[in-house]
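# Coordinates in review
Below are the chains, spelled out letter by letter.
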Amino acid sequence: MKSIFIDCSLGISGDMLTSAFFDLGVPHSIFLDNLVNLNLDKNYKLNFNQGDSKGIKGIVCSKNEIQFEESPRSLRDIKNFILNSSLNDYVKKKTIRAYEILAKAEAVVHGNKISNVHFHELGSIDSIVDIVNVCSAVDFLKPENIYFSDPPTGQGMVTTSHGILPVPVPTVLEIAKQNKIQLIMLKDKYFGELTTPTGIALIATFLDKIVQPYNINIKNIGIGLGSKNISRPNFLRVLLIDENKDSKNNNHKPFSETIVSQEAWIDDSTPEDIAILIERLRSAGAIDVICYSVDMKKNRKGVCIKAILHPEKESLLREVWFNYSTTLGIRENKINRWILPRRIVSQKTIFGEINFKQAMRPNGQISIKIEHKDLSEISLRTGISIEEIRQKLFIELSEFYEFDDWFY
């Protein structure tokens with residue numbers, strides 16, 4: 001499964017993203033077509049050149065100097081400009097979405113209605129082209145998921161059309177707040193903007209997860225260099241990755257995956273409360289939950305409750321722990337596990353329809369585990385012992401060996 005991880009831990013802007021996508025392998029023609037589809041002056045050119053930033057090789061995107069007669073544009077102006085272009089529907093939709101995010105933040109910052117927001121630098125042709133280029137690159141790659149690292153805040157002051165503003169500028173902060181994007185503080189000698197409004201608006205537009213993906217197979221890397229010459233390398237990288245979800249079903253061999261373990265030790269809840277908590281954890285998506293007794297401080301008897309879960313369930317399970325238990329904290333660790341291909345199957349048998357689990361061993365043998373609930377019901381109905389029923393079903397089910405729906 002093809003996905004993208006955008007590592008913007010040193011900074012992010014529209015032109016850095018465009019450069020990184022070009023370096024990743026998005027054809028030059030995709031970006032040149034955007035200029036035609038936007039019906040821009042034929043003298044407006046995009047150039048991609050090799051460069052380096054403090055020894056790090058990458059691509060720099062530059063635009064030739066054309067003085068457009070530009071005045072501040074409203075969101076409606078930009079929507080009309082995009083909708084009247086020859087861009088495809090996906091690029092139009094995502095470009096407009098990015099500007100809606102910017103407009104919503106600007107409206108809060110300036111205390112205006114969204115309809116009264118007018119973009120200055122953000123409404124320029126250069127900014128529009130940057131956003132369109134990123135949207136068209138994503139459209140070309142068609143990733144299943146897009147991941148981002150936490151973008152940096154920057155520090156100091158920056159000069160804008162509104163005068164001198166602190167970094168991060170108010171629009172960046174507002175977009176981060178509205179879209180729950182965590183900003184990180186770099187220990188950096190550079191004073192200036194590292195995450196631009198355009199950059200964070202694009203994060204909010206395409207964000208699937210702000211996290212480093214698990215179990216990645218890197219297919220390609222694109223490096224986009226920033227235009228500012230600062231005291232350290234100034235670049236953004238885009239990783240084209242394969243999350244290997246499809247390949248698991250092809251080789252029928254054990255594979256490893258990263259999961260999360262969450263646990264708490266509790267000595268101030270009743271057994272009834274513990275039982276309900278365990279049920280809530282399972283219902284919220286835990287792969288499994290175990291509970292065992294422990295000796296705690298002051299010789300008090302307590303219980304250790306441990307849940308294992310897939311990484312995407314981390315936040316939801318934390319909510320369960322803190323809302324429905326007496327614990328004041330949980331221990332959380334990422335762990336690796338190896339598992340076999342398996343499937344849960346329903347099949348008609350001489351005893352009626354039963355449910356069972358099949359697992360494939362490394363030597364190619366198939367093991368079968370019949371649901372005990374089904375065995376019990378058959379035994380009660382027929383008067384035959386569970387062991388005899390199990391043996392007869394093993395013989396009958398041993399021939400059920402299709403491969404089309406194995407999962408992990």
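Criteria and thresholds
Residues numbered from 1 in each chain as written. Predicted model: local features only at pLDDT ≥ 70, side-chain atom pairs only at ≥ 80, totals over all residues. Heavy atoms only, no water. Pairing = 2+ DSSP bridges. Helix = DSSP H or I, 4+ residues; strand = E, 2+ residues; numbered from the N terminus. Axes fitted to C-alpha atoms, helices over the stretch in contact; angles between N-to-C directions. Polar contact = N/O pair within 3.5 Å; in protein donor to acceptor, adjacent residues only side chain to side chain. Contact = heavy atoms within 4.5 Å. Phe/Tyr/Trp six-rings, centres within 6.5 Å; stacked < 30°, edge-to-face > 60°. Buried < 20%, exposed > 50% of the residue type's maximum accessible area, 1.4 Å probe, protein only.

Right, let's talk about the pairing of strand 14 (residues 301–309) for a bit. Pairing between strand 12 (residues 255–266) and strand 14: 7 bridges, direction antiparallel. Note on strand 14: the bridge partner recorded for Val260 is Leu309. Relative to strand 14, strand 13 (residues 288–295) runs antiparallel, the two sharing 8 bridges. Directly across from Asp288, in strand 14, lies its bridge partner Ile308. The hairpin turn running from strand 13 into strand 14, its antiparallel successor, is 5 residues long, and Lys298 in that turn takes a positive phi close to 60 degrees.

Right, let's get into the pairing of strand 3 (residues 56–63). Pairing analysis gives 8 bridges linking strand 2 (residues 46–53) to strand 3, with the strands arranged antiparallel. Looking across to strand 3, one finds that Gly51 is bridged to Gly58. Between the end of strand 2 and the start of strand 3, which pair antiparallel, lie 2 residues, with Lys54 showing a positive phi angle near 50 degrees.

Once that is clear, we can look at the sheet that holds strand 18 (residues 366–370). The strand order across the open sheet formed by 3 strands is 16-17-18, and the pairing between neighbours is antiparallel. Of all strands in the sheet, those bounded by a partner on one side alone are strand 16 (342–349) and strand 18. Across the sheet, the mean angle from the axis of one strand to that of its neighbour is 35 degrees, orientation sign disregarded. In this structure, strand 16 lies alongside strand 17 (residues 352–360), joined through 8 bridges in antiparallel fashion. When the sheet's bridge partners are listed, Arg342 is paired in strand 17 with Ala359.

This part takes up the side chain of Gln262. With respect to the helices and strands, Gln262 occurs in strand 12. Polar contacts involving the side chain of Gln262 include one to the main-chain carbonyl oxygen of Glu314, which spans 3.4 Å. A polar side-chain atom of Gln262 sits 2.7 Å from a polar atom in the side chain of Glu332. In this structure, Gln262 is in contact with Ile305, Lys306, Ala307, Leu309, Glu314, Leu317, Arg318, Trp321, Ile330, Arg331 and Glu332, ignoring residues within four places of it in sequence.

Turning our attention to the packing of aromatic side chains. The tally for this structure, following the rule as stated, stands at 3 aromatic pairs. On the numbers, 4.2 Å between centres and 5 degrees between planes, the contact of Phe22 with Phe48 is stacked. Of this pair, Phe22 sits in helix 1 (residues 14–24) while Phe48 sits in strand 2; the two residues are 26 residues apart in sequence, bridging distant segments of the chain. Taking relative accessible area as the criterion, Phe22 reaches 23% and is therefore assigned partly exposed. Classification of Phe48 as buried rests on a relative accessible area of 12%. Note on Tyr99 and Phe119: the rings are 5.4 Å apart at their centroids and 70 degrees apart in plane angle, and the pair reads as edge-to-face.

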